[in-house]
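# Structure assessment
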Amino acid sequence: GFFLGTSPSRAPHRKLPVRLSKLIVGSELVDVRAAPLDRTVLFEWRRSRPSGVQEYLELVVEWVGTRSAAFLVDRETKEILDVYSFTTPRRIMGETYEPLTPPPGAALAVDSARSFMERWTAARREGLGERRAVRLAGGLSPNLAEDVWMLHVHEGIALEVAFETVREKITNEPRPILVVPSGGFRDPRSRYRTSLVSLSYRSKWEKPFQTFNEAAQYYLNDAGRLALARRQSQELGTVLRRKLKKHRVLLENVDGDRKRLEDPEILRRRGELLLAGLSSAKKTGGEVIVPDPYSPDGDLVRVPIDPRRDIVQNADRYFERSRRMERSVKKLEGRTMLLIDELRYLETLELSLENANGAEDLAALADEMQAEGLMLRAETGRATEPGELVGPRRMSGMGGCEILVGRSARSNERLTFEAATADDFWFHALGVAGAHVLLRTPPGSDARDEQIHQAAAVAAYYSKARGSTSVEVMYTSRKNIRKIRKAPPGTVRVTRYHSIRVRPALPEGRSNKEK
């Protein structure tokens, strides 16, 4: 359809050229025609010049996939006055407009199943595949032809019956249908589709409207929303990747510093050797030879010393260096644990971004990152305004149980320490970043083995190990979970747990695109 918007939209499209906009505002639409064999619509406009002379212009819109374009043409001379196109148009301003040539095999829509089958059989004899022959034989749009084919293949309906079914829908149920992208904001290749009838193979993602203007307005707003969500997702991902890289480098540096430290145990032992062998020690330059009290055979060992100091002073220095190294090791170990906690927190945020279903999840994640000082508010665009905290994902499990899944690190913390009850089982993938998962059974019933297995599979699915075929998942009662003081949100200590190996999976019939 051709849509004239009446309200502001955040759609990610360029504005119409100035000349085309002026044409629409100051002209009268007098005729609309569609070419019979290709997807071309001609809008004829009339406008009056200041001299009173009537001028007729044509707006020719060609719907041909990625090369779709609109041409503003003088009706008398056929000169192209303006062009609007997403890609390089086939004609440019100043040239003479020439209509599209219908594709080979193009034909008018047939009016009976018998004619359809005759054309289909003829197309097959010419070497066309079954699927492509359906499109050419029926003279249908690609969407409708695909619907005929899907009914035939997936429903087991005879080809002529499938064609008649679609034809009856066109006759009896014409209504603007908009098919929204099934991949959401994550799949930039997803495309919106329009149809006059409900499509069997797309019904899950269809939205019916009363008029094409309503469908077009929804498309503009929804496309804008998805574009903003896609941009925000990319920006959040950039920030997280940068933070993750920085923390991994810091962790490597701290580990390197730890390896370069002297072993405090060796330093202390050298001091003890000097004192234990003080009466029989023999100095030889920068070393002292003393018996090894830890050796049953009384072997002699060489201990490096500072020749400017006596043996007792050298022993004291070894003890002091040992104490200093112990303090440094303890400090670096604390720094390592802090970095590991922060790294796991960032990996949890990254996992939350991967599992985000829409603008609400992205907005909640952006708010959490800003609150934790990981990014400034100006670092990312916003698909939605800040609002209520997004609750956990809820899924129905076996035997009437409920499975709850945290959406982010903060959501994990709220789920575990606010929403969980004493009777809930807590799950988490072992050794990797992942969501907190609760298994809640009906009142008065204990968790069965198959319910525990199902909840563990969900915990494995919402973890960094999703791509593995077998994941070890720990589970325990909520009372065995402790919050770590001053640790990042969602970081916990588990005092006692069981483990089970499962294949990552969602409950049957559940999709990660669902909330």
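Just so we're clear, the structure is a prediction, and the values are computed from it rather than from any experiment.

All right, on to the confidence of the model for the protein then. With 87% of its residues at a pLDDT of 70 or more, the protein has an overall mean of 83. Segment residues 1-14: pLDDT under 50, and 32 contacts once partners within four positions in sequence are set aside and those in other chains are kept. Note that pLDDT drops below 50 for residues 382-387; the model gives that stretch 15 contacts with residues more than four away or on any other chain.

So, about the packing of helix α2 (residues 113-125) against helix α5 (residues 159-172). Running from amino to carboxyl end, α2 crosses α5 at an angle of 125°, the nearest separation of the two axes being 9 Å. As summarised for this structure, α2 and α5 are arranged oblique, according to the angle between their axes. As α2 packs across α5, the resulting crossing turns out to be right-handed. Together, Ala113, Phe116, Met117 and Trp120 of α2 and Leu159, Glu160, Phe163 and Glu164 of α5 make up the contact between the two elements. Partitioning the contact of α2 with α5 into residue classes produces six nonpolar, no polar and two charged.

Under the 1.5 Å per step criterion, the end-to-end length of helix α8 (residues 311-355) is 65 Å for 45 residues, consistent within 8% with the ideal 66 Å. Measuring from the side-chain oxygen of the N-cap residue of α8 to the backbone nitrogen of valine 312 gives 3.2 Å; that N-cap residue is aspartate 310.

Per the stated rule, a full pass over the model turns up 38 salt bridges. A salt bridge links glutamate 320 to arginine 323, with the nearest nitrogen and oxygen atoms 3.0 Å apart. Placement of both glutamate 320 and arginine 323 in helix α8 is noted, with a separation of three residues, approximately one turn of the helix. Under the relative-accessibility criterion, arginine 323 is labelled partly exposed at 42%. Here glutamate 402 makes a salt bridge to arginine 394, at a shortest N to O gap of 3.0 Å.

In this section: the sheet that holds strand β9 (residues 282-284). Ordered by their spatial adjacency, three strands build an open sheet running β9-β10-β11, and the pairing between neighbours is antiparallel. Strands at the two margins of the open sheet, each flanked by one partner only, are β9 and β11 (300-304). Across the sheet, the mean angle from the axis of one strand to that of its neighbour is 30°, orientation sign disregarded. Against the sheet, helix α7 (residues 264-276) engages β10 (287-291) and β11, with an angle of about 115° to β11.

Right, let's get into the nonpolar core. Leu236, Leu349, Leu362 and Met369 are the most contacted members of the largest nonpolar core, which totals 30 residues. Only α6 (212-260), α8 and α9 (359-371) provide two or more residues apiece to this core. No other element matches α6, which puts ten residues into this core. When sequence neighbours within four positions are dropped, the list of residues in contact with methionine 369 reads Leu236, Val239, Leu240, Leu349, Leu374 and Met375.

Turning our eyes to something else, we now look at helix α11 (residues 449-461). Spanning 13 residues, α11 covers 18 Å between terminal C-alpha atoms, matching the ideal 18 Å at 1.5 Å per step. When we look at burial in α11, the residues that qualify are Gln451, Ile452, Gln454, Ala455, Ala456, Ala457, Val458, Ala459, Ala460 and Tyr461. Residues of α11 that are buried in the fold lie against β12 (393-396), β13 (402-405), β14 (425-429), β15 (437-440), β16 (471-477) and β19 (498-502).

Across all of its chains, the model carries six aromatic pairs by this definition. Measuring from centroid to centroid gives 6.3 Å for phenylalanine 425 and tyrosine 475, while their planes differ by 55°, and the two rings are tilted. Of this pair, phenylalanine 425 sits in strand β14 while tyrosine 475 sits in strand β16; the two residues are 50 residues apart in sequence, bridging distant segments of the chain. Here phenylalanine 425 falls in the partly exposed class, since its relative accessible area comes to 26%. Arranged with centres 5.2 Å apart and planes meeting at 80°, the rings of tyrosine 461 and tyrosine 462 form a pair that is edge-to-face. Overall, the relative accessible area of 17% leaves tyrosine 461 in the buried class. What links up through ring pairs into an aromatic cluster is the set Phe425, Phe427 and Tyr475. The side chain of arginine 75 reaches across the aromatic face of tyrosine 56, ending 4.1 Å from its centre. Here arginine 466 stacks its cationic end above the ring of tyrosine 462, 5.8 Å away from the centre of that ring.

Scanning all chains against the criterion turns up two cavities of 30 Å³ or more. Each pocket or cavity is described by its volume, and for the largest cavity that value is around 50 Å³. Its residues placed into classes, the lining of the largest cavity shows three nonpolar, seven polar and two charged.

Structurally, the position occupied by serine 499 is in strand β19. You can call serine 499 partly exposed: its relative accessible area is 40%. Sequence separation between serine 499 and threonine 476 is 23 residues, and the spatial gap between their C-alpha atoms is 8.7 Å. Once you skip the residues sitting within four places of it in the chain, serine 499 turns out to touch Glu472, Val473, Met474 and Tyr475.

A word on the sheet that holds strand β5 (residues 80-85). Read from one edge of the open sheet, five strands run β1-β2-β3-β4-β5, paired in antiparallel fashion. With one partner strand each, in any of the chains shown, β1 (28-34) and β5 form the two edges of the open sheet. For this sheet, the mean angle separating the axes of adjacent strands, direction not counted, is 15°. Of the strand pairs in this sheet, strand β4 (residues 69-74) and β5 are connected by five bridges, and their pairing is antiparallel. Along β5, the bridge assignment pairs leucine 72 with aspartate 82.

Next up on the list: the side chain of serine 477. Examined against the element boundaries, serine 477 turns out to sit in strand β16. On the accessibility criterion, serine 477 (18% relative accessible area) is buried. Excluding residues within four positions of it along the chain, serine 477 makes contact with Ala422, Asp424 and Phe425.

Looking now at the environment of valine 492. Mapped onto the fold, valine 492 is located in strand β18 (residues 492-494). For the pair valine 492 and aspartate 341, spaced 151 residues apart in sequence, the C-alpha to C-alpha distance is 9.8 Å.

Definitions and limits used
- Residues numbered from 1 in each chain as written.
- Predicted model: local features only at pLDDT ≥ 70, side-chain atom pairs only at ≥ 80, totals over all residues.
- Heavy atoms only, no water.
- pLDDT = per-residue confidence, 0-100.
- Contact = heavy atoms within 4.5 Å.
- Axes fitted to C-alpha atoms, helices over the stretch in contact; angles between N-to-C directions.
- Helix = DSSP H or I, 4+ residues; strand = E, 2+ residues; numbered from the N terminus.
- Parallel < 35°, antiparallel > 145°, perpendicular 65-115°, else oblique.
- Left-handed = near helix turned anticlockwise from the far one by under 90°.
- Nonpolar A, V, L, I, M, F, W, Y, C, P; charged D, E, K, R; others polar.
- Expected span 1.5 Å × (residues − 1).
- Polar contact = N/O pair within 3.5 Å; in protein donor to acceptor, adjacent residues only side chain to side chain.
- Salt bridge = Lys/Arg side-chain N within 4 Å of Asp/Glu carboxyl O.
- Buried < 20%, exposed > 50% of the residue type's maximum accessible area, 1.4 Å probe, protein only.
- Pairing = 2+ DSSP bridges.
- Core = buried A, V, L, I, M, F, W, Y, C linked by side-chain atoms within 4.5 Å.
- Phe/Tyr/Trp six-rings, centres within 6.5 Å; stacked < 30°, edge-to-face > 60°.
- Lys NZ or Arg CZ within 6 Å of the ring centre and 35° of its normal.
- 1 Å grid on protein atoms, 1.4 Å probe; cavity = no way out; pocket = protein on both sides within 12 Å on 5 of 7 lines; lining within 4 Å.
- Points joined across faces, edges and corners; volume = space filled by probe spheres on them.

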